[in-house]
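Read off the chains here:
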Amino acid sequence: MSAALIFGLLFALMLTGMPISISLGLTVLTFLFTMTEVPIESVGLKLFSGLDNFGIMAIPFFILAGTFLTRGGVARRMIAFTTSLVGHLPGGLGLAGVAACAMFAAISGSSVATVVAIGSIMMPAMVEYGYPRRFGVGVISTSGALGILVPPSIILVLYGVSTNTSIGALFMAGIVPGVLLALMLAAVTWFVAWRNDYPRMKRATLSQQFKAFRESLWGLLLIGIVLGGIYGGIFTPTEAAAVAAVYAFIITVFVYKELKLVEVPKVLLQAASMSSMLLYIITNAVLFSFLMTHEQIPQAMAAWIVDKHFSIWMFLLVVNVILLLAGNVMDPSSILLIMAPILFPLATKLGVNPVHLGVLMIVNTEVGLCHPPVGLNLYIASSIAKMGISEITIAVLPWLCAMLVFLGLITYVPEISLWLPRLLGMI
Amino acid sequence: MLLRILDRLEEIIIASLMGAATLITFIAVAHRFLVDVPVLYPYLFQINLAWSQELCIYMFIWMAKFGAAYGVRTGIHVGVDVLINRLNDRWRKGVILFGLFGGVVFTAIVGTMGAKFVYELMYTDQTSPDLEIPSWIVYACIPLGSYLMCFRFIQVMWAYFWTGELPHHDASHVDDIEVSPKAPIALGEA
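Source: prediction; values computed, not measured. (Residues numbered from 1 in each chain as written. Chains lettered and ligands numbered in written order. Predicted model: local features only at pLDDT ≥ 70, side-chain atom pairs only at ≥ 80, totals over all residues. Heavy atoms only, no water.)

Caption draft 1: The arrangement of the overall build of chain A in detail. For chain A, the count of helices and strands is 21 helices and 0 strands. Its C-alpha radius of gyration of 22 Å places chain A within 12% of the 22 Å reference for a compact globule of 427 residues. Principal-axis analysis of the C-alpha atoms places the extent of chain A at approximately 70 × 45 × 45 Å. Out of the 427 residues belonging to chain A, those deemed buried represent 62%. Contacts in chain A between residues at least 24 apart in sequence constitute 78% of all its contacts with a sequence separation of at least 6. (Helix = DSSP H or I, 4+ residues; strand = E, 2+ residues; numbered from the N terminus. Rg over C-alpha atoms; globule rule 2.2 N^0.38 Å. Buried < 20%, exposed > 50% of the residue type's maximum accessible area, 1.4 Å probe, protein only. Contact = heavy atoms within 4.5 Å.)

Caption draft 2: How the structure looks around a nonpolar patch on the surface. All names here are of chain A. There is a patch of nonpolar side chains on the surface, built from Trp 313, Met 314, Leu 317, Val 318, Val 321, Ile 322, Leu 325, Val 405, Leu 409, Tyr 412 and Val 413 and spanning about 910 Å² of accessible area. Counting residues per element, the nonpolar patch draws most heavily on helix H15 (residues 312-326), which supplies 7 residues. Inspection of the secondary structure assignment puts Val 321 in helix H15. On the basis of relative accessible area, Val 321 is assigned to the partly exposed category, the value being 44%. (Patch = residues over 30% accessible without salt bridge, like charges linked within 9 Å, V, L, I, M, F, W, Y side chains within 5 Å. Areas by Shrake-Rupley, 256 points an atom, 1.4 Å probe, with all protein chains shown as cover. Salt bridge = Lys/Arg side-chain N within 4 Å of Asp/Glu carboxyl O.)

Caption draft 3: Highlighting the packing of helix H9 (residues 154-163) of chain A against helix H10 (residues 167-196) of chain A. All names here are of chain A. Two elements in contact, H9 and H10, have axes whose closest approach is 9 Å; the angle formed by their N-to-C orientations is 140°. Regarding the angle of H9 to H10, the classification is oblique. Considering the relative orientation of H9 and H10, their crossing is right-handed. Seen from H9, the contacting residues are Leu 156, Val 157, Tyr 159, Gly 160 and Val 161; seen from H10, they are Ile 167, Leu 170 and Phe 171. For the contact of H9 with H10, the residue count by class is 7 nonpolar, 1 polar and no charged. (Axes fitted to C-alpha atoms, helices over the stretch in contact; angles between N-to-C directions. Parallel < 35°, antiparallel > 145°, perpendicular 65-115°, else oblique. Left-handed = near helix turned anticlockwise from the far one by under 90°. Nonpolar A, V, L, I, M, F, W, Y, C, P; charged D, E, K, R; others polar.)

Caption draft 4: Region of interest: the interface of chain B and chain A. Contacts between the two partners involve 68 residues from chain B and, on the opposite side, 83 residues from chain A. Summing both partners gives a buried area of about 6700 Å² for chain B against chain A, and 76% of it is carried by carbon and sulfur. Between the two partners, chain B and chain A, sit 1 salt bridge. Of the charged contacts, one joins Glu 239 of chain A and Arg 32 of chain B as a salt bridge, the two residues approaching to 2.8 Å between their closest N and O atoms. Counting every contact that joins chain B to chain A gives 3 residue pairs in polar contact (both at pLDDT 80 or more). Taken together, the elements giving at least two residues each to the side of chain B that touches chain A come down to helix H1 (2-34), helix H3 (52-74), helix H4 (89-121), helix H5 (135-139) and helix H6 (141-163) of chain B. Among the elements that line the side of chain B that touches chain A, the one with the most residues is H4 of chain B, at 13 residues. Taken together, the residues of the side of chain B that touches chain A break down into 45 nonpolar, 15 polar and 8 charged. (Buried area = accessible area lost by both parts, 1.4 Å probe. Polar contact = N/O pair within 3.5 Å; in protein donor to acceptor, adjacent residues only side chain to side chain.)

Caption draft 5: Structural view of the pattern of salt bridges. Within this structure, the stated rule accounts for 10 salt bridges over all chains. Salt-bridge contacts for Arg 77 of chain A lead to Glu 258 of chain A; the nearest nitrogen and oxygen are separated by 3.5 Å. You can see Arg 77 of chain A sitting in helix H5 (residues 74-86) and its partner Glu 258 of chain A sitting in the loop between helix H12 (237-255) and helix H13 (264-294), a full 181 residues away along the chain. Put simply, Glu 10 of chain B and Arg 73 of chain B hold a salt bridge, and the shortest N to O gap is 2.9 Å. In this pair, Glu 10 of chain B is assigned in helix H1 and Arg 73 of chain B in helix H3, connecting sequence segments 63 residues apart. Given the relative accessible area of 3%, Glu 10 of chain B is considered buried. What makes Arg 73 of chain B partly exposed here is its relative accessible area of 21%. One salt-bridge network, in which partners are shared between bridges, spans Asp 7, Arg 8, Glu 10, Glu 11, Arg 73 and Arg 152 of chain B.

Caption draft 6: Spotlight on unusual backbone geometry. A cis amide bond links Pro 151 of chain A to the next residue, Pro 152 of chain A, at an omega of -5°. In this structure, Pro 152 of chain A sits in the loop between helix H8 (133-143) and H9. At Asp 197 of chain A, a residue that is not glycine, the phi angle is positive and equals roughly 55°. Tracing the chain through its elements places Asp 197 of chain A in the loop between H10 and helix H11 (206-231). When its relative accessible area of 66% is taken as the criterion, Asp 197 of chain A is described as exposed. Positive phi is not limited to glycine here, since Glu 132 of chain B has a value of about 55°. Locating Glu 132 of chain B in the fold gives a position in the loop between H4 and H5. Its relative accessible area of 55% is what places Glu 132 of chain B among the exposed residues.

Caption draft 7: Just H12 of chain A, in detail. Residue and element names in this part refer to chain A. Taking 1.5 Å as the rise per residue, H12 with 19 residues should run 27 Å; its terminal C-alpha atoms sit 25 Å apart, in good agreement. Taking burial as the measure, the 19 residues of H12 include 15 buried ones, the bulk of the element. The positive-phi residue at the C-terminal boundary of H12 is Lys 257, with phi of around 50°. (Expected span 1.5 Å × (residues − 1).)

Caption draft 8: Examining helix H2 (residues 20-35) of chain A more closely. Taking 1.5 Å as the rise per residue, H2 of chain A with 16 residues should run 22 Å; its terminal C-alpha atoms sit 22 Å apart, in good agreement. Here H2 of chain A lies mainly inside the structure; 12 of its 16 residues are buried. When H2 of chain A is considered as a whole, its buried residues turn out to be Ile 20, Ser 21, Ile 22, Ser 23, Leu 24, Gly 25, Leu 26, Thr 27, Val 28, Leu 29, Phe 31 and Leu 32 of chain A. Looking at the buried positions of H2 of chain A, the neighbouring elements they touch are helix H1 (2-15), helix H3 (41-49), H13 and helix H16 (332-350) of chain A together with H4 and H6 of chain B.

Printed below as a string of structure tokens:
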């Protein structure tokens, strides 16, 4: 009963176009005021204590690192490197785009940053080399979604923080699925290009390849710092993020010299404002999950599921449907913050591994990023390529289908996500 | 004039908190490694940076509260606009005003609750665990940030009521990133 009320109120408020954070907060306040005896003052305290966690602080650091990297020549050099490797294959620039997205995803934690960084260079380049505009947009806007699957990922941090799952284990769990998705997207790219006989690049010589590798080395090193540091136990994820931010600052300002020192405050402001928006949703999502726990809603749902003898198979199917539907109205971070505290107790009750659930949720939100009405990647691609949303929606279809197949694999073959962290002894 | 100073101050506060928190955490990490270097050990050993984590968290919480207010002004807080985009103009305006009003109400309530909380804390000698600053100073960001945010919501609502303009954050448009007109890929050119 109270569950219906809470969700009804939340949906009603959200549909007015009110910021999601405010709808969450108002729902909690209204419910606590009218239906419970909970001292309302405790809410004020929660607004602070909800953020009082060093793990969460990885988010602003990764956002800052991403903001620096988007400005710098890191993406350009990565593209040159991947082009030298695979440019001569059918759909060469497309394949290079997928690979560059995967690489950039491994140093940045957001898919928006990935699409902006790779897309703004790759899409015009592809048009210039005679690829249809649609092809480039399809490749980049879907591959950009790798940004939140391949570690580091801001969304994985959100999941880890809101369910108390090890962020290190989640990061390792994202690697194999990330590579697999990149390969699947590359396969689609190759097939589309091969059928339509799109242009190829001239094969690069070994020395050209080496030169491109050396130039992109500074960016590639960051992958080692973040993942190696976390896995080797040298850094906590938050420390790794802070180091990544400082490192990104140094390479963009002093090594590649793509950003002047006087422009740094602007980058800081931009990163701070993006982080604050996310942190504000987090505080309100903490309030919301406090209300959920207080009303024992996840427990009631779990009892119901066990009572009805739901198999894991059915449960995961339902989770996918709910998340895909949510992907039609919300962005990945809001979906994660609202749904994770609800789904997590259910999943553990049924024996689903928390790390597997995390990867599954990420892949679902990735699909949401690549189709309308709220697919952020499409909007970014549309503004870079100057194409309408409806045209882009058709353009991404082949890749979107591959993503749905991938989602099925991730859902029903948990080993894809769990193999690596298990091998490393992290779960 | 006063408003312009407030705007500027807001920006300076959040940008410098972002930068400072990053530097402090980086220095703490660097310190942890450099202290193992024998030559540096005698100098670095005396420096205790255990408080850095707490300070970083507090700085980010302060940044988040003020940054959220800044975000209202720049329209970065996203909502679900699937439904309201389908409404006719008059309904749309009403619903959006209601949504903004929700923001005003929520931030006002939270600000007041926070103010009460901080006021009560002022009469205790509770301090933060590592830095030992009085707790009420640390928590002061809740009322300050929320009231500022409330003010921003009122501002946006007022402007929208008269002009019909909402601040709009375009995630796809990043300042200074120009879409390169010429392909920068030098390799493998046919």
